[in-house]
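Single-letter residue listing:
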Amino acid sequence: MARLSLSCAIILLSTSMTANALAPSSSTTSSVERRQLFGILGSAFTGAAAMAFVPGEANASVAKTGRSSPLTGDYDDPNHPGCLRQVKVVGAPLRADGTRPSNPNIEVTGYDGKGPGNICTEADRPTRSDLWKIQGKMKSNTVASLDFSPKGGPSNLPGTFDGDGIVFPDGNKWTKVPQGTNDRRPKDMSTLKSPN
């Protein structure tokens, strides 16, 4: 739409300039002077060049990051009841040229429990070294492609947010826990340690 508006403006401008240049002036009745002709041609060339270099509309991803992403939050995994499943959607890292890819990254931090049955209890709270982390890419605001290969799974597993959880192709659904699951995290999540 912007290109069309710009094109129309340039055409109108060059038409009015041509009409003014071709109209006989009151001081002279001679034909168009060479300078006026080159001015008209230069304006037309500049207008054509401007139309050629007007950028098109951006095809940027609409996937949101941080808390504004519907996927960010804590989840219940029925295959690992009571275990940590924390999902974060974060901006993709900068490239060497200073640009950022349009699709944000997704990070999943989890814990599968130490006991039998893949069940986590209050007594089976993880330490930081027990946590696993996988990453992936957001394909849209509600669809992600996750790399579960560090856990022995597929490297391109799609997960779709359906309004209250993430559904995977095998039918497994992680249900979002609105109030979070702080009791499933390691007790010491501080990153800075004071010597005293």
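In this report, the structure presented in the accompanying data block is examined. Predicted model, so just to flag it, every value in this text is computed and none were measured.

Thresholds, definitions, all that
- Residues numbered from 1 in each chain as written.
- Predicted model: local features only at pLDDT ≥ 70, side-chain atom pairs only at ≥ 80, totals over all residues.
- Heavy atoms only, no water.
- Pairing = 2+ DSSP bridges.
- Helix = DSSP H or I, 4+ residues; strand = E, 2+ residues; numbered from the N terminus.
- Axes fitted to C-alpha atoms, helices over the stretch in contact; angles between N-to-C directions.
- Polar contact = N/O pair within 3.5 Å; in protein donor to acceptor, adjacent residues only side chain to side chain.
- Contact = heavy atoms within 4.5 Å.
- Phe/Tyr/Trp six-rings, centres within 6.5 Å; stacked < 30°, edge-to-face > 60°.
- Buried < 20%, exposed > 50% of the residue type's maximum accessible area, 1.4 Å probe, protein only.
- Disulfide = S-S within 2.5 Å.
- Salt bridge = Lys/Arg side-chain N within 4 Å of Asp/Glu carboxyl O.

**Points about the sheet that holds strand β2 (residues 85-90)**
Step number 1: Reading around the circumference, β1-β2-β3-β4-β5-β6-β7-β8 is the order of the 8 strands in this closed barrel, with antiparallel pairing throughout. When the angles between neighbouring strand axes are averaged without regard to direction, this sheet yields 30°.

**Regarding the side chain of Asp 77**
Step number 1: Take Asp 77: it is sitting in the loop between β1 (73-76) and β2.
Step number 2: A polar atom in the side chain of Asp 77 sits 3.3 Å from the side chain of Trp 174.
Step number 3: Setting aside anything within four residues of it in sequence, one finds Asp 77 in contact with Arg 85, Asn 172 and Trp 174.

**Quick word on the pairing of strand β4 (residues 132-138)**
Step number 1: Alignment of strand β3 (residues 105-110) against β4, held across 6 bridges, turns out to be antiparallel. By the bridge assignment for β4, Asn 105 is matched with Lys 137.
Step number 2: Sheet topology note: the β4/strand β5 (residues 143-147) ladder contains 4 bridges and is antiparallel. Bridge pairing in β5 links Met 138 to Ala 144.
Step number 3: Hairpin connection of β4 to β5: 4 residues between the antiparallel strands.

**What about the packing of aromatic side chains?**
Step number 1: Under the counting rule described, the total for this entry stands at 3 aromatic pairs.
Step number 2: Seen from their ring centres, Phe 148 and Phe 168 are 6.2 Å apart, and the 85° between their planes marks the pair as edge-to-face. You can see Phe 148 sitting in the loop between β5 and β6 (157-161) and its partner Phe 168 sitting in the loop between β7 (165-167) and β8 (173-177), a full 20 residues away along the chain.
Step number 3: By relative accessible area, Phe 148 is classed as buried at 12%.
Step number 4: With a centroid separation of 6.4 Å and an interplanar angle of 80°, the aromatic rings of Phe 148 and Trp 174 are classed as edge-to-face.

**Focus: the state of the cysteines**
Cysteine pairs can be covalently joined through their sulfur atoms, and such a bond is termed a disulfide.
Step number 1: This model, assessed by the stated rule, comprises 1 disulfide.
Step number 2: Here Cys 83 is linked by a disulfide to Cys 120, with a sulfur-sulfur distance of 1.9 Å. Its S-S torsion of about 90° marks the bond between Cys 83 and Cys 120 as right-handed, since a negative value means left-handed. Taken together, the positions of Cys 83 in the loop between β1 and β2 and Cys 120 in the loop between β3 and β4 put the pair 37 residues apart, joining distant regions of the chain. Across the pair, Cys 120 and Cys 83 agree in class, each one buried.

**Let's talk about the environment of Thr 65**
Step number 1: For Thr 65, the location among the structural elements is in the loop between α2 (34-52) and β1.
Step number 2: Exposure remark for Thr 65: the relative accessible area of 35% places this residue in the partly exposed category.
Step number 3: Spatially, the C-alpha atom of Thr 65 lies 5.2 Å from that of Val 90, the residues being 25 residues apart in sequence.
Step number 4: When residues no more than four places from it in sequence are discounted, the contact partners of Thr 65 are Val 89, Val 90, Gly 91 and Pro 104.

**Here's the deal with the pattern of salt bridges**
Step number 1: Scanning all chains against the criterion turns up 8 salt bridges.
Step number 2: Notably, a salt bridge pairs Arg 85 with Asp 77, separated by 3.3 Å at the nearest N-O pair. With respect to class, Arg 85 is no different from Asp 77; both count as buried.
Step number 3: Its salt-bridge partner being Lys 173, residue Asp 162 comes within 2.9 Å of it at the nearest N-O pair. A residue pair is termed long-range when its members are at least 10 positions apart, and Asp 162 in the loop between β6 and β7 and Lys 173 in strand β8 qualify at 11 residues.
Step number 4: Under the relative-accessibility criterion, Asp 162 is labelled partly exposed at 43%.

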